[in-house]
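The chain contents come next:
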Amino acid sequence: KHRIRLAGPWESQSVDDQQQPVGETIRCQLPFTLQESLRETGVLLTRGFHCPTGIDHSTQLRIVLQASERPDVVRINGTEIAACAARQDAEFAFEVTGRIAAFNQLSVLLRSTGFESAAALHTAWLEIQG
(Lines give C-alpha, C1' and ligand atoms only; values in the text may rest on other atoms or scores of the structure.)
Protein backbone atom coordinates (compact mmCIF):
# COMPACT_ATOMS: atom_id res chain seq x y z
CA LYS A 1 0.00 0.00 0.00
CA HIS A 2 1.00 3.58 -0.58
CA ARG A 3 -0.54 6.44 1.39
CA ILE A 4 -0.81 10.05 0.26
CA ARG A 5 -1.53 12.32 3.21
CA LEU A 6 -4.32 14.87 2.75
CA ALA A 7 -2.83 17.33 5.21
CA GLY A 8 -4.31 20.64 4.20
CA PRO A 9 -5.45 23.20 3.89
CA TRP A 10 -8.97 22.11 4.79
CA GLU A 11 -12.10 24.26 5.10
CA SER A 12 -14.57 24.02 7.97
CA GLN A 13 -18.16 25.17 8.09
CA SER A 14 -20.73 24.73 10.84
CA VAL A 15 -23.84 22.68 10.09
CA ASP A 16 -27.36 22.96 11.47
CA ASP A 17 -29.60 20.18 12.83
CA GLN A 18 -30.46 19.10 9.25
CA GLN A 19 -26.72 18.79 8.40
CA GLN A 20 -26.90 21.86 6.12
CA PRO A 21 -23.88 24.22 6.09
CA VAL A 22 -24.42 27.57 7.82
CA GLY A 23 -22.19 30.58 8.39
CA GLU A 24 -18.81 31.34 6.93
CA THR A 25 -16.20 28.89 5.68
CA ILE A 26 -12.93 28.96 7.65
CA ARG A 27 -9.56 27.55 6.57
CA CYS A 28 -8.12 25.02 9.00
CA GLN A 29 -5.52 22.28 9.40
CA LEU A 30 -5.67 18.76 10.80
CA PRO A 31 -5.94 17.72 13.53
CA PHE A 32 -9.32 19.45 13.87
CA THR A 33 -11.50 19.21 16.98
CA LEU A 34 -15.17 20.18 17.02
CA GLN A 35 -15.38 23.05 19.48
CA GLU A 36 -18.04 22.22 22.05
CA SER A 37 -17.79 25.74 23.44
CA LEU A 38 -19.22 27.15 20.20
CA ARG A 39 -22.34 24.99 20.67
CA GLU A 40 -22.05 23.67 17.14
CA THR A 41 -24.20 20.67 16.32
CA GLY A 42 -21.57 19.67 13.80
CA VAL A 43 -18.98 20.77 11.31
CA LEU A 44 -18.35 19.94 7.67
CA LEU A 45 -14.65 19.61 6.80
CA THR A 46 -13.78 19.81 3.09
CA ARG A 47 -10.55 19.41 1.15
CA GLY A 48 -9.79 19.26 -2.54
CA PHE A 49 -7.07 17.08 -4.04
CA HIS A 50 -5.79 16.04 -7.46
CA CYS A 51 -5.74 12.44 -8.63
CA PRO A 52 -2.23 10.99 -8.34
CA THR A 53 -0.51 10.19 -11.63
CA GLY A 54 -0.78 6.63 -12.92
CA ILE A 55 -4.20 6.01 -11.37
CA ASP A 56 -6.99 4.52 -13.49
CA HIS A 57 -10.51 3.30 -12.69
CA SER A 58 -9.28 -0.21 -11.83
CA THR A 59 -6.71 0.95 -9.23
CA GLN A 60 -7.91 0.05 -5.73
CA LEU A 61 -8.25 3.24 -3.69
CA ARG A 62 -9.49 4.02 -0.20
CA ILE A 63 -9.92 7.18 1.81
CA VAL A 64 -8.67 6.51 5.34
CA LEU A 65 -9.55 8.82 8.22
CA GLN A 66 -8.00 8.67 11.65
CA ALA A 67 -10.61 10.13 13.98
CA SER A 68 -11.79 10.05 17.57
CA GLU A 69 -15.06 8.46 16.40
CA ARG A 70 -16.73 7.34 13.18
CA PRO A 71 -17.59 10.38 11.01
CA ASP A 72 -21.33 10.86 10.45
CA VAL A 73 -21.05 11.31 6.68
CA VAL A 74 -18.14 11.06 4.23
CA ARG A 75 -18.55 12.22 0.62
CA ILE A 76 -16.26 12.14 -2.40
CA ASN A 77 -17.21 14.57 -5.17
CA GLY A 78 -20.65 15.10 -3.61
CA THR A 79 -21.54 11.39 -3.41
CA GLU A 80 -21.88 9.76 0.00
CA ILE A 81 -19.47 6.88 0.54
CA ALA A 82 -20.84 3.70 2.11
CA ALA A 83 -20.27 3.19 5.82
CA CYS A 84 -17.18 1.40 7.02
CA ALA A 85 -16.06 -0.60 10.01
CA ALA A 86 -13.73 0.83 12.65
CA ARG A 87 -10.29 -0.58 13.21
CA GLN A 88 -8.52 -0.81 16.55
CA ASP A 89 -6.31 2.18 15.83
CA ALA A 90 -9.28 4.54 15.24
CA GLU A 91 -8.91 4.41 11.46
CA PHE A 92 -12.00 4.44 9.27
CA ALA A 93 -11.50 3.29 5.66
CA PHE A 94 -13.84 4.07 2.75
CA GLU A 95 -13.61 2.38 -0.64
CA VAL A 96 -13.39 4.92 -3.50
CA THR A 97 -12.16 2.73 -6.38
CA GLY A 98 -13.56 4.12 -9.65
CA ARG A 99 -14.85 7.32 -7.98
CA ILE A 100 -11.75 9.47 -8.28
CA ALA A 101 -11.70 12.23 -10.92
CA ALA A 102 -8.87 14.49 -12.13
CA PHE A 103 -9.78 16.84 -9.23
CA ASN A 104 -11.71 15.65 -6.17
CA GLN A 105 -13.50 17.04 -3.16
CA LEU A 106 -13.52 15.10 0.10
CA SER A 107 -16.13 16.13 2.70
CA VAL A 108 -16.29 14.80 6.26
CA LEU A 109 -19.19 15.59 8.61
CA LEU A 110 -18.44 15.46 12.33
CA ARG A 111 -21.30 15.91 14.77
CA SER A 112 -21.34 16.85 18.40
CA THR A 113 -22.00 13.90 20.70
CA GLY A 114 -23.27 15.96 23.61
CA PHE A 115 -21.49 15.47 26.93
CA GLU A 116 -18.75 13.17 25.64
CA SER A 117 -15.39 14.44 24.46
CA ALA A 118 -15.39 16.58 21.32
CA ALA A 119 -15.17 14.78 17.97
CA ALA A 120 -11.85 15.16 16.18
CA LEU A 121 -10.38 14.37 12.77
CA HIS A 122 -6.68 13.71 13.34
CA THR A 123 -5.44 12.91 9.83
CA ALA A 124 -6.65 11.76 6.41
CA TRP A 125 -5.02 10.09 3.44
CA LEU A 126 -5.66 8.47 0.08
CA GLU A 127 -4.50 4.86 0.17
CA ILE A 128 -3.41 3.16 -3.05
CA GLN A 129 -3.49 -0.62 -2.71
CA GLY A 130 -1.01 -2.50 -4.86
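Above this text is the structure in question.
A. Quick peek at the side chain of Gln13. Here Gln13 lies in strand 2 (residues 10–15). Residue class for Gln13 comes out buried when judged on its relative accessible area of 18%. Here Gln13 is in contact with Pro21, Val22, Gly23, Glu24, Thr25, Gly42, Val43 and Leu44, once residues within four sequence places are set aside.

B. How the structure looks around the sheet that holds strand 3 (residues 21–28). Read across the sheet, six strands follow the order 3-2-5-10-7-8 without closing on themselves; strand pairing throughout is antiparallel. Only two strands of the sheet have a single neighbouring strand rather than two, namely strand 3 and strand 8 (79–80). Here strand 5 (residues 42–50) runs beside strand 10 (residues 103–111); their pairing, made up of nine bridges, is antiparallel. Paired with Gly48 across the two strands is Gln105, which belongs to strand 10.

C. Inspection of the pattern of salt bridges at higher detail. Per the counting criterion, the structure on display carries three salt bridges. With a shortest N-O distance of 3.3 Å, Arg3 and Glu91 are connected by a salt bridge. In this pair, Arg3 is assigned in strand 1 (residues 2–5) and Glu91 in strand 9 (residues 91–95), connecting sequence segments 88 residues apart. The exposure class of Arg3 is partly exposed, given its relative accessible area of 36%. Of the charged contacts, one joins Arg62 and Glu127 as a salt bridge, the two residues approaching to 2.6 Å between their closest N and O atoms. Of this pair, Arg62 sits in strand 6 (residues 60–67) while Glu127 sits in strand 11 (residues 120–129), and the two are 65 residues apart along the sequence. We note that Arg62, like Glu127, is buried. Among the charged side chains, a network of salt bridges with common partners joins Arg3, Arg62, Glu91 and Glu127.

D. Structural context of the environment of His122. Topologically, His122 is positioned in strand 11. Considered as a pair, His122 and Thr33 are 89 residues apart in the sequence and their alpha carbons are 8.2 Å apart.

E. Expanded view of unusual backbone geometry. Note the cis peptide between Gly8 and Pro9, where omega equals 10°. Looking at the element boundaries, Pro9 is found in the loop between strand 1 and strand 2. With an omega of 5°, the peptide bond between Leu30 and Pro31 qualifies as cis. Here Pro31 shows up in the loop between strand 3 and strand 4 (32–33). Despite not being glycine, Gln19 shows a phi value in the positive range, around 65°. Relative to the helices and strands, Gln19 is located in the loop between strand 2 and strand 3. You can call Gln19 partly exposed: its relative accessible area is 32%. Of note in this structure, Asn77 is not a glycine but carries a positive phi near 55°.

Conventions used here
- Residues numbered from 1 in each chain as written.
- Predicted model: local features only at pLDDT ≥ 70, side-chain atom pairs only at ≥ 80, totals over all residues.
- Heavy atoms only, no water.
- Helix = DSSP H or I, 4+ residues; strand = E, 2+ residues; numbered from the N terminus.
- Buried < 20%, exposed > 50% of the residue type's maximum accessible area, 1.4 Å probe, protein only.
- Contact = heavy atoms within 4.5 Å.
- Pairing = 2+ DSSP bridges.
- Salt bridge = Lys/Arg side-chain N within 4 Å of Asp/Glu carboxyl O.

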